[in-house]
Amino acid sequence: MSQIIQHTEASHYYWPDGGPCYEVEMKSKPGEYRSTTLADARKLGLIPSVTTKLSILDNPFLDSWRVEQAIIAALTLPTSDGESIDDRARRIAEDSSKQVADAMKLGTLIHTAAENYVLRREVTNDPTIRHLFEPFRQWWDSECIETIYSEKSVVHHGEGYAGRVDCKARLKSYGVAIIDFKTRKPSSKGKFQVYDKDILQLSAYREADALSLPKADTCLSILINSQEPGVHIHQWSQEEIQHGWECFQLISKLWAKMKKF
């Protein structure tokens, strides 16, 4: 059987001033662009994103979910007469990939809605997500004193990374917080799960933002339910934030060593 699943590695890079450089112009096709590669970053003096450095870590929960989508597709897709094993495998892969893409699209829509609301109090009119977004909107109205910024690039020159922070805000119950919006499905018991990568990412953003005033007091993961209306606020302890930062520094150095960057 020929290879069915092609591995792709999404990487984001920034200019030293924090400007994004996600794409570069193709030499062979002027006016057209392709994704920025590690080789481009070396040549242009770019800085990798937080998520690019974290990509060297395994993600067992995401991997398990992708496998589940493939199993469901294999069990539910009807067979076709005369179809080879290779062709059926490709159909299963395409169907499961569509489920993953649809989930990612939903997450992007809700994330954009959150960004627009915290910045401009703009309520989404998209009927596919408005009901899912409403609990977050109500929570934000009751908590937010001031949105300091949203979708802002931050750079840590010492560790050599950059990234875009979802939001920094002053909240009634939490003080000044670095915030990450996530769209997540709760467990069968209604519990929301946070993961190591969540605080690794947040702690890296907080350190890159450390010289900005007002100084962030805490880090929050805001989990918006992707199945039914609901929102869960997870505040990370100072011990978790510090531990996350120490771990991220090690990962940052390991990434640079592995990539010879």
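Residues numbered from 1 in each chain as written. Predicted model: local features only at pLDDT ≥ 70, side-chain atom pairs only at ≥ 80, totals over all residues. Heavy atoms only, no water.

(A) Up close: helix 5 (residues 130–143). Helix length check: helix 5, at 14 residues, gives a terminal C-alpha distance of 20 Å against a target of 20 Å (1.5 Å per residue), a fit within 8%. Listed in full, the buried residues belonging to helix 5 are Leu-132, Phe-133, Pro-135, Phe-136, Arg-137, Trp-139, Trp-140 and Glu-143. (Helix = DSSP H or I, 4+ residues; strand = E, 2+ residues; numbered from the N terminus. Expected span 1.5 Å × (residues − 1). Buried < 20%, exposed > 50% of the residue type's maximum accessible area, 1.4 Å probe, protein only.)

(B) Structural context of unusual backbone geometry. Residues Leu-213 and Pro-214 are joined by a peptide bond in cis, for which omega reads 0 degrees. Mapped onto the secondary structure, Pro-214 falls in the loop between helix 6 (196–208) and strand 8 (218–225). Of note in the backbone geometry, Arg-121 takes a positive phi value of approximately 55 degrees without being a glycine. Summarising the element assignment, Arg-121 is placed in the loop between helix 4 (85–120) and helix 5. Although it is not a glycine, Lys-260 adopts a positive phi angle of roughly 55 degrees. Note that Lys-260 resides in the segment after helix 7 (238–259). For Lys-260, a relative accessible area of 71% gives the class exposed.

(C) Quick look at the packing of helix 6 against helix 7. The N-to-C vectors of helix 6 and helix 7 enclose an angle of 90 degrees; their axes lie 8 Å apart at closest approach. Relative to helix 7, helix 6 is oriented roughly perpendicular. Taking contact as the criterion, the partners of Ile-199, Leu-200, Ser-203, Ala-204, Arg-206 and Glu-207 in helix 6 are, on helix 7, Gln-238, Glu-240, Ile-241, Gly-244, Trp-245, Cys-247, Phe-248 and Ile-251. (Axes fitted to C-alpha atoms, helices over the stretch in contact; angles between N-to-C directions. Parallel < 35°, antiparallel > 145°, perpendicular 65-115°, else oblique. Contact = heavy atoms within 4.5 Å.)

(D) Inspection of the pattern of salt bridges at higher detail. Enumeration over the complete set of coordinates arrives at eleven salt bridges. The closest approach of N and O atoms between Arg-121 and Asp-141, which form a salt bridge, is 3.6 Å. A residue pair is termed long-range when its members are at least 10 positions apart, and Arg-121 in the loop between helix 4 and helix 5 and Asp-141 in helix 5 qualify at 20 residues. Given a relative accessible area of 37%, Arg-121 falls into the partly exposed group. Measuring nitrogen to oxygen at the nearest pair gives 3.4 Å for the salt bridge that ties Glu-151 to Arg-164. With Glu-151 in strand 5 (residues 144–156) and Arg-164 in strand 6 (residues 161–171), this residue pair connects regions lying 13 residues apart in the sequence. (Salt bridge = Lys/Arg side-chain N within 4 Å of Asp/Glu carboxyl O.)

(E) Quick look at the nonpolar core. Core analysis: the biggest nonpolar cluster contains 23 residues, and Val-50, Tyr-161, Ile-178, Cys-219, Trp-236 and Phe-248 have the highest contact counts within it. The set of elements that each furnish at least two residues to this core consists of helix 2 (50–54), strand 5, strand 6, strand 7 (175–184), helix 6, strand 8 and helix 7. Per element, the largest residue contribution to this core is six residues, and it comes from helix 6. Setting aside its immediate chain neighbours within four residues, Phe-248 contacts Val-50, Lys-53, Leu-54, Tyr-161, Leu-200 and Ala-204. Membership of the second largest hydrophobic core comes to 22 residues, among which are Val-118, Leu-132, Phe-133 and Phe-136. (Core = buried A, V, L, I, M, F, W, Y, C linked by side-chain atoms within 4.5 Å.)

(F) Fine view of the sheet that holds strand 6. On the basis of which strands lie adjacent, the open sheet formed by five strands has the order 5-6-7-8-9 and mixed pairing. In the strand order of this sheet, the two ends are held by strand 5 and strand 9 (231–236), each with one partner. Taking the axes of each pair of neighbouring strands and ignoring which way they run, one obtains an average angle of 30 degrees across the sheet. The sheet contact formed by strand 6 and strand 7 spans five bridges and is antiparallel. Across the sheet, Lys-168 pairs through a bridge with Ile-178, a residue of strand 7. (Pairing = 2+ DSSP bridges.)

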